[in-house]
Amino acid sequence: MSRGNDDTVMYSIAGDVVTVSDGGGKVPAAIHPIMSRDRVVRFLFGLLQQASANGEDLVVQLVPLYGKTGIVVRSDGHILVVTFIHANKGIGNNLYFVRNPKKLEGI
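First things first, this report covers the structure right here in the doc.

The rules behind the values
Residues numbered from 1 in each chain as written. Predicted model: local features only at pLDDT ≥ 70, side-chain atom pairs only at ≥ 80, totals over all residues. Heavy atoms only, no water. Phe/Tyr/Trp six-rings, centres within 6.5 Å; stacked < 30°, edge-to-face > 60°. Helix = DSSP H or I, 4+ residues; strand = E, 2+ residues; numbered from the N terminus. Buried < 20%, exposed > 50% of the residue type's maximum accessible area, 1.4 Å probe, protein only. Pairing = 2+ DSSP bridges. Contact = heavy atoms within 4.5 Å. Axes fitted to C-alpha atoms, helices over the stretch in contact; angles between N-to-C directions. Core = buried A, V, L, I, M, F, W, Y, C linked by side-chain atoms within 4.5 Å.

### A closer look at the packing of aromatic side chains
Taken as a whole, this structure holds 2 aromatic pairs when the rule is applied. Between the aromatic rings of Phe43 and Phe97, the centroid separation amounts to 5.7 Å while the plane-to-plane angle is 85°, which identifies the pairing as edge-to-face. Here Phe43 is found in helix H2 (residues 37-53), whereas its partner Phe97 is found in strand S6 (residues 91-98), with 54 residues between them in sequence. For Phe97, a relative accessible area of 7% translates into the label buried. Summarising the aromatic geometry, the rings of Tyr66 and Phe84 are spaced 6.0 Å apart at their centres and angled 40° between planes, so their arrangement reads as tilted. Taken together, the residues Tyr66 in the loop between strand S3 (58-65) and strand S4 (68-75) and Phe84 in strand S5 (residues 78-88) connect sequence positions 18 residues apart. Residue class for Tyr66 comes out exposed when judged on its relative accessible area of 68%.

### Digging into the sheet that holds S4
Reading across from one edge, S2-S1-S6-S5-S4-S3 is the order of the 6 strands in this open sheet, with mixed pairing throughout. Looking at which strands have only one partner, the edges of the open sheet turn out to be strand S2 (34-35) and S3. Sheet topology note: the S4/S5 ladder contains 7 bridges and is antiparallel. The residue bridging Arg74 from the neighbouring strand is Ile79, located in S5. Strands in contact with H2 are strand S1 (13-22), S2, S3 and S6; relative to S1, the strand with the most contacts, it is inclined by about 50°.

### Regarding the nonpolar core
Formed by Ile13, Val17, Ile34, Val40, Val41, Leu44, Phe45, Val73, Val81, Ile85, Leu95 and Phe97, the largest nonpolar core amounts to 12 residues. When residues of this core are traced back to their parent elements, those giving at least two are S1, H2, S5 and S6. Looking at this core, the element that brings in the most residues is H2, giving 4 residues. Excluding residues within four positions of it along the chain, Ile34 makes contact with Val17, Val18, Thr19, Arg39, Val40 and Phe43.

Below, the structure written as structure tokens:
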């Protein structure tokens, strides 16, 4: 996702979206829920900028997970994060980031 996709991302996320992260205390994750489209989009682009600055080569895939659409992000063949999207009529209402390595083992 590049900065040129801001509008696409903005219109794909509900104005009252809520994002929650789970690092399980083992990996960094947002401690508090992130609320509002503007804050969530800034958070997402910030994560991508950080990965780019660290020289990480990320592979992002949309996959069906547990009856929902999920986004799997990998680096060097390892899953870094799985994001579950709860959507209504194609607009993301809630995003749930799973970074806890124990929870990622079965994916």
